[in-house]
Amino acid sequence: RLVTVFCYLNDVKEGGATRFSQIDHMPDVQPTKGKAVLHFPTTVGFDQDRRTEHEGVATGDEKWLLVTWIWMHGRTDADYDEKRLPSLSSDVI
């Protein structure tokens, strides 16, 4: 993976922060609706950068995320090609 992006889809009242525990003095990222986090999980030489290891802090609430990655090489799976999946509705784009 070259880039990881995640976006919080809801506010979380208690806990649920994202912690980058390998970075000294990095504050926890509090989950706030619409907030996005972008990080680069590899070095310039494409080696894994352990500083980007992260974890979710426990929460008593629900936390919803949208996550996507940008890969160095294509990662398509023919089984999930949208042309092969049934349409949910005729008005869905």
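Preceding block: the structure.
What you are looking at is a predicted structure, and each value in this text was computed from that prediction instead of being measured.

## Topic: the pattern of salt bridges
Under the definition given, this model contains three salt bridges. Two residues, Asp-28 and Arg-19, come together in a salt bridge whose shortest N-O distance is 2.8 Å. We classify Asp-28 as partly exposed; its relative accessible area is 27%. Accessibility expressed as a relative area gives 32% for Arg-19, which makes it partly exposed. Two residues, Glu-53 and Arg-50, come together in a salt bridge whose shortest N-O distance is 2.8 Å.

## Some remarks on the sheet that holds strand β3 (residues 36-39)
The strand order β3-β1-β5 describes an open sheet built from three strands, whose pairing is antiparallel. Each edge of the sheet is formed by a strand with only one pairing partner; in this case those strands are β3 and β5 (65-70). Taken pair by pair, the neighbouring strands of this sheet meet at an average axis angle of 10°, ignoring direction.

Analysis parameters
Residues numbered from 1 in each chain as written. Predicted model: local features only at pLDDT ≥ 70, side-chain atom pairs only at ≥ 80, totals over all residues. Heavy atoms only, no water. Salt bridge = Lys/Arg side-chain N within 4 Å of Asp/Glu carboxyl O. Buried < 20%, exposed > 50% of the residue type's maximum accessible area, 1.4 Å probe, protein only. Pairing = 2+ DSSP bridges. Helix = DSSP H or I, 4+ residues; strand = E, 2+ residues; numbered from the N terminus. Axes fitted to C-alpha atoms, helices over the stretch in contact; angles between N-to-C directions.

Read these as geometric descriptors, not functional statements.
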